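Notes for the structure review
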Amino acid sequence: MMFATPGRAQAVRQKNWTLPFFLIAIAAACWFAQPARADLWNTGYYAGYQQDTMVASNLDFSALSHIIHFSIIPNTDGSLNTSGNGLSASHSSDLITRAHAAGKKVLVCVGGAGSGAGFEGATTNANRAKFITNLINFMSSRGYDGIDVDWEPLLQADANQYTNFIIGLRTNLNGFVQPKFLTAAAGAYSDYRDPVNAEYQLFASLQTNFDQINIMTYDLSGPYAGWVTWFNSPLYDDGYHFPSTGGLLPSVDGAVNNFISSGVAPYRLGIGVAFYGYVWTGGSGTVPAGGVTIPRQSWTTNAPTVTTPSYANIINSYYASNQYHWDTNAQAAYLGKTNSPAFISYDDERTCQVKVSYARNRGLGGVMIWELSLDFFPAQTGAQRAPLLDALKQSLATPGLTEIQLQGKGLQLSFNSLPLSLYRVMWTSNIVDGSWNTLSNNVNGTGGILRISDPNPPIDPQRFYRVKTPP
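Predicted model only: the values in this text are computed from it and were never measured.

Cut-off values and rules
- Residues numbered from 1 in each chain as written.
- Predicted model: local features only at pLDDT ≥ 70, side-chain atom pairs only at ≥ 80, totals over all residues.
- Heavy atoms only, no water.
- Helix = DSSP H or I, 4+ residues; strand = E, 2+ residues; numbered from the N terminus.
- Rg over C-alpha atoms; globule rule 2.2 N^0.38 Å.
- Buried < 20%, exposed > 50% of the residue type's maximum accessible area, 1.4 Å probe, protein only.
- Contact = heavy atoms within 4.5 Å.
- Areas by Shrake-Rupley, 256 points an atom, 1.4 Å probe, with all protein chains shown as cover.
- Phe/Tyr/Trp six-rings, centres within 6.5 Å; stacked < 30°, edge-to-face > 60°.
- Salt bridge = Lys/Arg side-chain N within 4 Å of Asp/Glu carboxyl O.
- Core = buried A, V, L, I, M, F, W, Y, C linked by side-chain atoms within 4.5 Å.
- Axes fitted to C-alpha atoms, helices over the stretch in contact; angles between N-to-C directions.
- Parallel < 35°, antiparallel > 145°, perpendicular 65-115°, else oblique.
- Left-handed = near helix turned anticlockwise from the far one by under 90°.
- Expected span 1.5 Å × (residues − 1).
- Arc of directions from axis to C-beta.
- Pairing = 2+ DSSP bridges.
- pLDDT = per-residue confidence, 0-100.

Bringing the overall build of the protein into the picture now. Along the backbone of the protein there are 9 helices and 22 strands. A compact globule built from 471 residues would reach a C-alpha radius of gyration of about 23 Å, and the protein, at 24 Å, matches this within 12%. Taking the principal axes of its C-alpha atoms as reference, the protein extends roughly 75 × 65 × 50 Å. Within the protein, the proportion of its 471 residues that are buried is 54%. Sequence-distant contacts, at least 24 apart, represent 68% of the contacts inside the protein between residues at least 6 apart. Summed over its atoms, the accessible surface of the protein is roughly 19500 Å², and 50% of this surface lies on carbon and sulfur atoms.

As structure tokens, this is what we get:
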């Protein structure tokens, strides 16, 4: 810690890895600031089949807490298909070497969309032990730090096999000198063939086995019978009901509420950030007429068609500033194209901000990305960049450093904020005893600079301030 001599204020930056807030200490005319640590996990899926296009050296490991290498595929006899998604030995080595050099953990994913039948065969009583042994051997021989289970679809009929598999896998992972991670990708909603609470109750019963339960809060819409145009990954349902059934439209918040109300601890949950979007086109008998261009739009005859391009493709091929909209009720971005009618739903930089705020406000464990390569703009299109990952990195570091200025006899604190965020500004003259006083509470973030005044000058030999985010 460095204190300035009278009349020469200096700022000393120090890292604080134990508290999800930063501190400002004032002594006479001097102060220092500490940046907030990343209080949420930021787990990113990285597909082996994209690794030759977006090589591991292009990943910003400083923006991530964990990387999940996608994926090996379960065979029904308990053996592993390790080549179908590009998880070659060289791909594993390159990713793990670079991640470990950056101090990050890498897990290997088993499963993916449509893997349910493979898991059902691999986790029978006859095959389960062999399957677990194969997974453990693959993980340890390649140097991974754990396993991510992505059983899709996970049906109520699979509950017993899933339970026995997860408990057995956790037991084996705990057998290492340095226990390995076990995470799960969980559907946002139970399968349409099952009771509505089936999946949530299953994860509630198994939650202590997982280090992270990452909810796949995307693919929350589609051109299905009785539906309307809706967002891929909206934060809220807007209180909007299906015209056909009266049920609420799906949302991130709806899924989170279902998990928590079923007994899953919030800090075990992560919410998904989609690095891709939905492009809706066509639709006969739409209201208003002319093809789909806006959310909550219905059709009467032919359903619209939907494609799922990457974020990079959306920006390069579809984006126009005069067609961009932010839906404040759903907290979601979209493009409404009228010249060539289309409704395009996607997560953008602002979405990243509000999802980080939401995770903090709800006391969740973190956020999860599908999938890192979809945000990548290679150098040949200009400066190499990954704007969504950058936005998450910046959001997780906010409020970060602050400034403090004399304001008459008082002080003014200024710090960066996120939209939808809540902050509490506190002070103490004795940081050791942990007794804090509230200066301002439930201060709403704007996405810009917040300024909080302390009208009482610091008469103590030193005074500390902190800006705290929920919980």
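For the rest of this paragraph, the subject is the packing of aromatic side chains. Considering all chains together, one arrives at 29 aromatic pairs under this definition. For the ring pair phenylalanine 119 and tryptophan 151, a centre distance of 4.8 Å and an interplane angle of 10 degrees mean the geometry is stacked. In this pair, phenylalanine 119 is assigned in helix H2 (residues 116-122) and tryptophan 151 in strand E7 (residues 146-151), connecting sequence segments 32 residues apart. Phenylalanine 119 gets classed as buried once you look at its relative accessible area, which sits at 0%. By relative accessible area, tryptophan 151 is classed as buried at 3%.

Of all the positions in helix H9 (residues 387-397), only Pro387, Leu388, Leu389, Ala391, Leu392, Ser395 and Leu396 are classed as buried. Contacts from the buried residues of H9 go to strand E3 (41-47), strand E10 (269-274), helix H7 (311-317), helix H8 (349-361) and strand E16 (366-370).

Now for the pattern of salt bridges. Counting across every chain of the model gives 9 salt bridges. Measuring nitrogen to oxygen at the nearest pair gives 3.1 Å for the salt bridge that ties lysine 393 to aspartate 60. Here lysine 393, found in helix H9, pairs with aspartate 60, found in the loop between E3 and strand E4 (66-74); they are 333 residues apart in sequence, far enough to count as distant. Measuring nitrogen to oxygen at the nearest pair gives 3.1 Å for the salt bridge that ties arginine 170 to aspartate 211. Taken together, the positions of arginine 170 in helix H4 (residues 159-173) and aspartate 211 in the loop between helix H5 (198-206) and strand E9 (212-216) put the pair 41 residues apart, joining distant regions of the chain. With a relative accessible area of 34%, aspartate 211 lands in the partly exposed category. Through salt bridges that share partners, Asp238, Arg296 and Asp327 make up one connected network.

This part takes up the nonpolar core. Within the largest apolar cluster, 124 residues are counted, with the highest numbers of intra-cluster contacts made by Ile147, Val149, Tyr162, Phe165 and Phe203. Sorting elements by how many residues they give to this core places helix H3 (residues 128-142) first, with 6 residues. Excluding anything up to four places from it in sequence, tyrosine 162 contacts Val149, Trp151, Leu154, Ala184, Leu202, Phe203, Leu206 and Phe210.

It is worth spelling out the packing of H3 against H4 at this point. Between H3 and H4, the shortest axis-to-axis distance is 10 Å and the interhelical angle comes to 40 degrees. Considering their axes alone, H3 and H4 lie oblique with respect to each other. Crossing angle aside, the handedness with which H3 passes H4 is right-handed. Across from Arg128, Phe131, Ile132, Leu135, Ile136 and Met139 in H3, the residues of H4 making contact are Asn164, Phe165, Gly168, Leu169, Asn172 and Leu173.

Moving on, we come to helix H1 (residues 89-101). Taking 1.5 Å of rise per residue, 13 residues should cover 18 Å, and H1 covers 18 Å from first to last C-alpha, within 8% of that figure. Residues of H1 that are buried: His91, Ser92, Leu95, Ile96 and Ala99. All buried residues of H1 project into a common sector of 110 degrees when viewed along the axis, lining one side. In H1, the exposed positions that point more than 90 degrees away from the buried face belong to Ser90, Thr97 and Ala101.

Moving on to unusual backbone geometry. With an omega dihedral of -20 degrees, the bond running from phenylalanine 70 to serine 71 counts as a cis peptide bond. Mapped onto the fold, serine 71 is located in strand E4. Phi is positive for aspartate 238, close to 65 degrees, though the residue is something other than glycine. Inspection of the secondary structure assignment puts aspartate 238 in the loop between E9 and helix H6 (252-261).

Taken together, the 5 strands give an open sheet; going across it, the order is E12-E11-E15-E14-E13, and neighbouring strands pair in antiparallel fashion. The open sheet has two free edges, formed respectively by strand E12 (305-307) and strand E13 (324-327), since each of these has just one partner strand. If you compare each strand with its neighbour and ignore which way they point, the axes differ by 25 degrees on average. Of the pairings in the sheet, the one linking strand E11 (residues 277-281) to E12 comprises 3 bridges and is antiparallel in character. Paired with tryptophan 280 across the bridge in E12 is valine 306.

The predicted coordinates should not be examined in detail at positions where pLDDT is low. Overall, the prediction assigns the protein a mean pLDDT of 89, with 90% of residues at 70 or greater. For the stretch residues 1-37, pLDDT sits under 50, and the model shows 93 contacts to residues farther than four places along the chain or on other chains.

Take the sheet that holds strand E18 (residues 410-416) next. Taken together, the 3 strands give an open sheet; going across it, the order is E17-E18-E21, and neighbouring strands pair in antiparallel fashion. Of all strands in the sheet, those with a lone pairing partner are strand E17 (402-407) and strand E21 (449-454), marking the two edges. Direction aside, neighbouring strands of the sheet carry axes that sit 20 degrees apart on average. Inspection of the sheet shows E18 paired to E21 by 6 bridges, in the antiparallel sense. Bridging across to E21, serine 414 finds its partner in arginine 451.

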